[in-house]
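If you want the building blocks of each chain, they are given just below.
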Amino acid sequence: MFALNATDYPLLILTLGSNDPVKLDQWFASSVTQAPDMLSRPWVIDLGSFPGHVDIGEMVRVCRKFGVTLAGVMGAGGGALSQASAMGLACLPNADHLAVLPVVQPAAEAPPSPAPVAPTADGARVVASPVRSGQQVWAQHQDLVLLGTVSAAAEVMADGNVHCYGTLRGRVAAGVSGNENARVFVRKLEAQVVSIAGVYMAEEELAALPQWGQSAMFSLVDHRLQVAALPDS
């Protein structure tokens, strides 16, 4: 009923065969727990794979119950898109155009998502050009360094820290694979969502911060995001 697929994204895609969270719970118990290595990679939920209404909150609850790190959703629209965004989940394009292969054993690591990214000797990935609306940048097992602006509706994600030296207007997620020690450093904060290890702040809450429009540093303390101004250089 459910299927787990690998694509060119360095993510696993959960294809929904039902909108019943109880059935999803049963599928996890009978299938995924037999292959725990699958839980070492971030997942996305393909909402476009099921034609009816899907309660994203319930599906996320079941996934996290079994230790899944959710990076985002695919194929979300309307209310589902707003709900996913408010939960700090990246909203990725529909997976219909991607070739998918059933996962029996954990899939080999795929290359990073297409972006003008260059690896550096210190293990970080550097994006020298602006990240435009609709573009996604992924730094797997590394920090992400952004030298330019991140536009609204762009998404930047890293397993490690994220450093943005321009204005951040899109969505940013650090510690995507569950690293609670990851941090987000922003030169000018105008973000739609900031997330660390799945704990997030949405734009309404971010805009109320004294650091809005200024430099900021985000960290995770006791499962809550803490925000401070960057020290003056």
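So, here is what we can say about the structure in this document. (Residues numbered from 1 in each chain as written. Predicted model: local features only at pLDDT ≥ 70, side-chain atom pairs only at ≥ 80, totals over all residues. Heavy atoms only, no water.)

### Observations concerning the environment of glutamine 211
In this fold, glutamine 211 is placed in the loop between α4 (203–207) and β17 (216–221). A sequence separation of 23 residues divides glutamine 211 from lysine 188, and the C-alpha atoms of the two residues are 8.4 Å apart. (Helix = DSSP H or I, 4+ residues; strand = E, 2+ residues; numbered from the N terminus.)

### Some points on the layout of surface pockets
What the largest pocket holds in volume is close to 230 Å³. Looking at the largest pocket, it is lined by 21 residues, and the ones nearest its centre are Leu70, Ala71, Gly88, Ser195 and Gly198. Elements that contribute at least two residues to the lining of the largest pocket include exactly β4 (70–74), β11 (155–158), β13 (171–174) and β15 (193–196). Its residues assigned to classes, the lining of the largest pocket shows 13 nonpolar, 5 polar and 3 charged. (1 Å grid on protein atoms, 1.4 Å probe; cavity = no way out; pocket = protein on both sides within 12 Å on 5 of 7 lines; lining within 4 Å. Points joined across faces, edges and corners; volume = space filled by probe spheres on them. Nonpolar A, V, L, I, M, F, W, Y, C, P; charged D, E, K, R; others polar.)

### Re the pairing of strand β16 (residues 199–202)
Taken residue by residue, a regular strand's side chains alternate between the two faces of the sheet. In this structure, β15 lies alongside β16, joined through 4 bridges in antiparallel fashion. Across the sheet, the residue bridging to valine 193 is alanine 202, located in β16. (Pairing = 2+ DSSP bridges.)

### Quick notes on the pattern of salt bridges
Using the criterion set out here, one finds 5 salt bridges in the structure. The partner of lysine 65 in a salt bridge is aspartate 25, and the shortest N-O contact between them spans 2.7 Å. Of this pair, lysine 65 sits in helix α2 (residues 56–65) while aspartate 25 sits in helix α1 (residues 21–30), placing them 40 residues apart in sequence. A residue is classified by how much of its surface remains accessible, and lysine 65, at 53% relative accessible area, is exposed. Residue glutamate 190 is joined to lysine 188 by a salt bridge in which the shortest nitrogen-to-oxygen separation is 3.6 Å. Residue classification places glutamate 190 among the partly exposed residues on the basis of a relative accessible area of 23%. Overlapping salt bridges bring together Arg169, Lys188 and Glu190 as one network. (Salt bridge = Lys/Arg side-chain N within 4 Å of Asp/Glu carboxyl O. Buried < 20%, exposed > 50% of the residue type's maximum accessible area, 1.4 Å probe, protein only.)

### Focus on the nonpolar core
Judged by nonpolar contacts, the single largest core of 29 residues is most densely connected at Leu144, Leu146 and Phe218. Looking at this core, the elements with two or more residues in it are β9 (136–139), β10 (144–146), β11, β12 (162–168), β13, β14 (184–189), β15 and β17. When sequence neighbours within four positions are dropped, the list of residues in contact with leucine 146 reads Val127, Val131, Val156, Val162, His163, Cys164, Tyr165 and Gly166. Membership of the second largest hydrophobic core comes to 26 residues, among which are Trp27, Leu47, Ala84 and Met87. (Core = buried A, V, L, I, M, F, W, Y, C linked by side-chain atoms within 4.5 Å. Contact = heavy atoms within 4.5 Å.)

### Considering α1
Considered for burial, the residues of α1 that qualify are Pro21, Leu24, Asp25, Trp27 and Phe28. End-on view of α1: buried residues confined to an arc of 160 degrees, all on one side of the axis. Two or three places before valine 22, at the start of α1, stands the capping residue aspartate 20, its side-chain oxygen 2.9 Å from that residue's backbone nitrogen. (Arc of directions from axis to C-beta. Polar contact = N/O pair within 3.5 Å; in protein donor to acceptor, adjacent residues only side chain to side chain.)

### Quick look at the sheet that holds β9
Spatial strand order, β9-β11-β13-β15-β16: 5 strands in an open sheet with mixed pairing. The open sheet terminates on both sides in strands that have one partner only, identified here as β9 and β16. Averaged over all neighbouring strand pairs, the angle between strand axes comes to 5 degrees, with direction disregarded. Alignment of β13 against β15, held across 4 bridges, turns out to be parallel. In the sheet register, valine 172 faces β15, and the bridge partner there is valine 194. (Axes fitted to C-alpha atoms, helices over the stretch in contact; angles between N-to-C directions.)

### Side note on unusual backbone geometry
Its identity is not glycine, yet histidine 141 carries a phi of approximately 60 degrees, on the positive side. Within the element layout of this structure, histidine 141 appears in the loop between β9 and β10. Its relative accessible area of 57% is what places histidine 141 among the exposed residues. Residue alanine 153 is not a glycine yet carries a positive backbone phi of 75 degrees. Of note, alanine 153 is situated in the loop between β10 and β11.

### Considering the packing of aromatic side chains
The final tally for this structure, using the stated rule, is 3 aromatic pairs. Plain terms: the ring middles of tryptophan 27 and phenylalanine 28 are 5.3 Å apart, the flat faces sit at 70 degrees to each other, and that makes the pair edge-to-face. Ring centres 4.9 Å apart and planes at 10 degrees place the aromatic pair phenylalanine 28 and phenylalanine 66 in the stacked group. Here the residue phenylalanine 28 occupies a position in helix α1, and phenylalanine 66 occupies one in the loop between α2 and β4, the gap between them amounting to 38 residues. For the pair phenylalanine 28 and phenylalanine 66, one class covers both residues: buried. Taken together, the ring pairs connect Trp27, Phe28, Trp43 and Phe66 into an aromatic cluster. (Phe/Tyr/Trp six-rings, centres within 6.5 Å; stacked < 30°, edge-to-face > 60°.)

These results come straight from atomic positions and should not be treated as a statement about function.
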